[in-house]
Every structure is written in structure tokens, then in C-alpha cells.
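Each chain, letter by letter, is given below.
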Amino acid sequence: MANCRCGLVGAGIGTSLSPALHESEGRHSGLDLTYTLFDTTALGHTLDDAERDGFAGLNITHPFKQQVIELLDDLSPQAEAIGAVNTVVFRDGKRFGHNTDAYGFAQSFRAGLPDVPLGHVVQLGAGGAGAAVAHALLELGVTKLSIIDPDTQKSTDLSAQLGQSPAHELPTALTTADGLVNASPVGMHHHPGIPLPAELLHRDLWVADIVYMPVETELLRAARAAGLRTLGGTAMCAYQAAAAFQLFTGIAPDIARMLRHLDVLLLQRA
């Protein structure tokens, strides 16, 4: 059985389900795959150590998706366009950066909200995950994308990069919006809460949240209470993990099996 070592680098990732998800799929694929969590602030040292120790690659999460770029040798076209990396592959003495978040969000959106209007979407969050989701939304056919972030410079820069007009007033932007996407960390276990006042969720809105732990965030709970169509982050997590798994191993995973396994893992954590 072939060996494969990979892992995840981030801050506050102790509850991540990635080890169980990747290691189980590895066994089904005939691999002795180990997936290690590196909960750290020392990004550079972690990459150096993993590469020296023979890792196939690493997933990268908050807050390093943009910082990691300067430590890499090459980027995939999509990672370069997005300006964020969530998967690093070590090969032939070089470090290659990829982004599977955009693919993960797009696939989950097509499956979960296939027929919603896409004229105007408001997105909360302009960080690494937000950049990937914004690119995916435009590829899905969104006409107008209003990006809002507490760091107005980040939202202005990302909007300009995408050819969109920046938006700074959330209530105003939402009045004409068809959909709302939370691509910020608000709602995660380590960042609890809701990213906007619930009374702003009007009846013509659909709502997507990329947070997957907890499965039902405060945002999703408020949206469902208001009778809105919603999409949680579970499927995005599975799709992006499946794409990363193939980059690490060269083996196409069974995505349906990974989706089922993630549902089981989340149920066990509930």
C-alpha cells in the first residue's frame, strides 16, 4: 500500500474534520494516507518542515491563504487569478499553489441552489476564501457583485480586481439584492455570531454560508426562520477536499462517498 503524507495549516483548526475525511478516502483508494493538523502561526517553518519530511502537500486555511503565495514557486492559473491558495503540492523540489475553494463553492451552489436569480449578489468577506467565492459567483453568472468587508480597503481592492463597484453600506446593498453569501469567518465555532442584523434578510433573498462547522450557523437559522432558500457550507467543504485529495495523490476520489462521510462526521460532532 502506497504511503502519502499531507495535512492542514491554519489557526484554530483543532476541530477540523479534514484528517478523518482524507484518511478514510485514502483507505478506500488503497493508500496509507496520513493527514496532520498544523495549528500554528509559523507558516514558513511549517512548509519547510513538511517539504523536508516528504509530505505530498498541505491544505492552507485561515489566515494564511494569501500570505502563503510569497512562499511558493508557481501558481495554477486559477490560484493566480484569485490571489489565494488553499492547496500546496510539493513536487520535484518545488512548491505549487492551487485553489480548490472556487471549484468547491461553484459545485455546491449548482447542486444546492440551481435556479436562483443571480442579478445582484451581496458577499460578506474579502479575504482568501472570499476572493475564491467571488470569482466563483461571477463564473456562475452573477451580474452585479457587492463585496463588503470590515476592512474596506480589502473589499475595494477585490471589487476593482473583479471589475465590480465597491459597496460599503450593507442595508442599501441588500435592498436590491437577489442573494447573500457569507464568505467571512463569522459563524464559525471560533468566531460565533451572525454577520449582519437578521432584520435585513428580506423575503426575496436567498442565503448561502460557506461556514460548515457548525452545520447550521446563526445566519442560516435566521434565514430559514424567515422562509428563505439557503445553502450551507458542507458540500463546498467536501468538493474542495476532493479536488485537493486528487492533487495530493493523483487519484480521483469518490465525491459522493466523501459527501456522505462528511455528513456522518458532522452528525457525530453535533
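The preceding data block contains the structure.
Residues numbered from 1 in each chain as written. Predicted model: local features only at pLDDT ≥ 70, side-chain atom pairs only at ≥ 80, totals over all residues. Heavy atoms only, no water.

Here's the deal with the state of the cysteines
As a reminder, the rule being used: Here, the term disulfide refers to a pair of cysteine sulfur atoms separated by no more than 2.5 Å.
Tallying each qualifying case throughout the model produces zero disulfides. Not part of a disulfide, Cys4 finds its nearest cysteine sulfur in Cys6, a span of 4.6 Å.

Remarks on the pairing of strand E6 (residues 94–98)
Note on strand geometry: in a regular strand, side chains alternate between the two faces of the sheet. Stated formally: Accessible area is worked out with a 1.4 Å probe on protein chains only. A residue is then buried under 20% of its type maximum, exposed over 50%, and partly exposed in between. Runs of E in the DSSP output that reach at least two residues are strands. Runs of H or I that reach at least four are helices, and both are numbered from the N terminus. DSSP-based pairing: two strands are paired if at least 2 bridges between them are found.
Burial of E6 is extensive: four of the five residues sit out of reach of the surface. Two strands pair when backbone bridges link them, and strand E4 (residues 74–75) and E6 are joined in this way by two bridges, in the parallel orientation. Note that in E6 the partner of Asp74 across the bridge is Phe96. By the bridge criterion, five bridges tie strand E5 (residues 87–91) to E6 in an arrangement that is antiparallel. Residue pairing for E6: Val89 is matched across the bridge by Phe96.

A closer look at the packing of aromatic side chains
The criterion, for reference: When two rings of Phe, Tyr or Trp (its six-membered ring) have centres within 6.5 Å they constitute a pair, described as stacked for plane angles under 30 degrees, edge-to-face for angles over 60, and tilted for the intermediate range.
On inspection of all chains with the given rule, the structure shows four aromatic pairs. Between the aromatic rings of Tyr103 and Tyr239, the centroid separation amounts to 6.3 Å while the plane-to-plane angle is 90 degrees, which identifies the pairing as edge-to-face. Linking Tyr103 in helix H4 (residues 101–112) with Tyr239 in helix H9 (residues 234–249), this pair joins segments that are 136 residues apart in sequence. Residue classification places Tyr239 among the buried positions, given a relative accessible area of 14%. Ring geometry for Phe109 and Trp206: centres 5.2 Å apart, planes at 65 degrees, overall edge-to-face.

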